[in-house]
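# Structural features, examined
Residue-level listing of the chains:
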Amino acid sequence: EIVAEAKPSTVLVVSGNDGERNGNGSGWVYDADKGLIVTNAHVVDGSTEFAIGVEGENELREAEIVGVAPCEDLAVLGMDDTEGLRTMPLGSQSELQQGDRLLTLGYPANGTTQDDLQVTDGVVSVVETVADEAAFADPDFAVYPNVIQTDAAINGGNSGGPSVSMNGELIGV
């Protein structure tokens, strides 16, 4: 039931340049009435064209960048066509406890809205930690000071998708 409720709030984010697709990630609806979608900044980085896919629809909807916060790896996209969108209910990280279960949602890498939304479950290992592991040798990897550590599998294409509590509320990206 939680996954069914989260589906209309989880979207496919496609980025590209000059009509060519660079890649995709996932996103979630922050404000359905205003057409505001949140994803990771690295999903839209280096692209000039953006589209949003809503589950079960064949056509992508045009979107544009509203703002990007690279230090938090977040981006907000705006779109005019808001039909069928549903705002994701927001939870609070302060209510999380070690051992709580969560779900991560997203579309597969190079996916389409005809693909099934991928859902993995996991357990919160640490409520708030810093992601600055030496294993991240990529010089573009930033230090993120407030992340939830979980054992939920994060699949290719899940970037920008929501992590939700067992109440169906957003607790992380």
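Preceding this section is the structure that the text describes.
Summary of the structure given here. Every value quoted in this text rests on a predicted model; they were computed, and no experiment measured them.

### Here's the deal with the pattern of salt bridges
Overall, the coordinates contain three salt bridges when judged by the stated rule. Of the charged contacts in the structure, one is a salt bridge between Arg61 and Asp81, with a shortest N-O distance of 3.7 Å. Note that Arg61 is positioned in strand S5 (residues 61–69) and Asp81 in the loop between strand S6 (74–78) and strand S7 (101–106), a separation of 20 residues in sequence. Under the relative-accessibility criterion, Arg61 is labelled buried at 7%. For Arg101, the salt bridge is made with Asp121, and the minimal N-O distance between the two is 2.9 Å. One end of the pair, Arg101, is in strand S7; the other, Asp121, is in strand S8 (residues 118–131), with 20 residues separating them in the sequence. Overall, Arg101 belongs to the partly exposed group, its relative accessible area being 42%. Overall, Asp121 belongs to the partly exposed group, its relative accessible area being 44%. Salt bridges sharing partners connect three or more residues here, namely Glu57, Arg61 and Asp81.

### Side note on the layout of surface pockets
There is about 170 Å³ of room inside the second largest pocket. Every residue lining the second largest pocket is listed: Phe50, Ala51, Leu60, Arg61, Glu62, Ala63, Glu64, Gly78, Met79 and Asp80. When contributions to the lining of the second largest pocket are tallied by element, the ones reaching two or more residues are strand S4 (49–53) and S5. At four residues, S5 tops the list of elements feeding residues into the lining of the second largest pocket. Of the residues contributing to the lining of the second largest pocket, the split by class is five nonpolar, one polar and four charged.

### Here's the deal with the sheet that holds S6
Backbone-to-backbone hydrogen bonds join strands into a sheet, with any given pair of strands oriented parallel or antiparallel. Around the barrel, six strands lie side by side as S1-S2-S3-S6-S5-S4; this closed barrel has antiparallel pairing. Mean inter-strand twist for the sheet, computed between neighbouring axes without regard to direction, equals 40 degrees. Here strand S1 (residues 10–17) pairs with strand S2 (residues 20–31) via eight bridges, running antiparallel. Each bridged residue has a counterpart across the sheet, and for Thr10 the counterpart in S2 is Trp28.

### Describing the packing of aromatic side chains
Scanning the entire structure with this criterion turns up one aromatic pair. Aromatic pair Trp28 and Tyr30: ring centres 6.2 Å apart, planes at 70 degrees, arrangement edge-to-face.

What counts, and at which threshold
- Residues numbered from 1 in each chain as written.
- Predicted model: local features only at pLDDT ≥ 70, side-chain atom pairs only at ≥ 80, totals over all residues.
- Heavy atoms only, no water.
- Salt bridge = Lys/Arg side-chain N within 4 Å of Asp/Glu carboxyl O.
- Helix = DSSP H or I, 4+ residues; strand = E, 2+ residues; numbered from the N terminus.
- Buried < 20%, exposed > 50% of the residue type's maximum accessible area, 1.4 Å probe, protein only.
- 1 Å grid on protein atoms, 1.4 Å probe; cavity = no way out; pocket = protein on both sides within 12 Å on 5 of 7 lines; lining within 4 Å.
- Points joined across faces, edges and corners; volume = space filled by probe spheres on them.
- Nonpolar A, V, L, I, M, F, W, Y, C, P; charged D, E, K, R; others polar.
- Pairing = 2+ DSSP bridges.
- Axes fitted to C-alpha atoms, helices over the stretch in contact; angles between N-to-C directions.
- Phe/Tyr/Trp six-rings, centres within 6.5 Å; stacked < 30°, edge-to-face > 60°.

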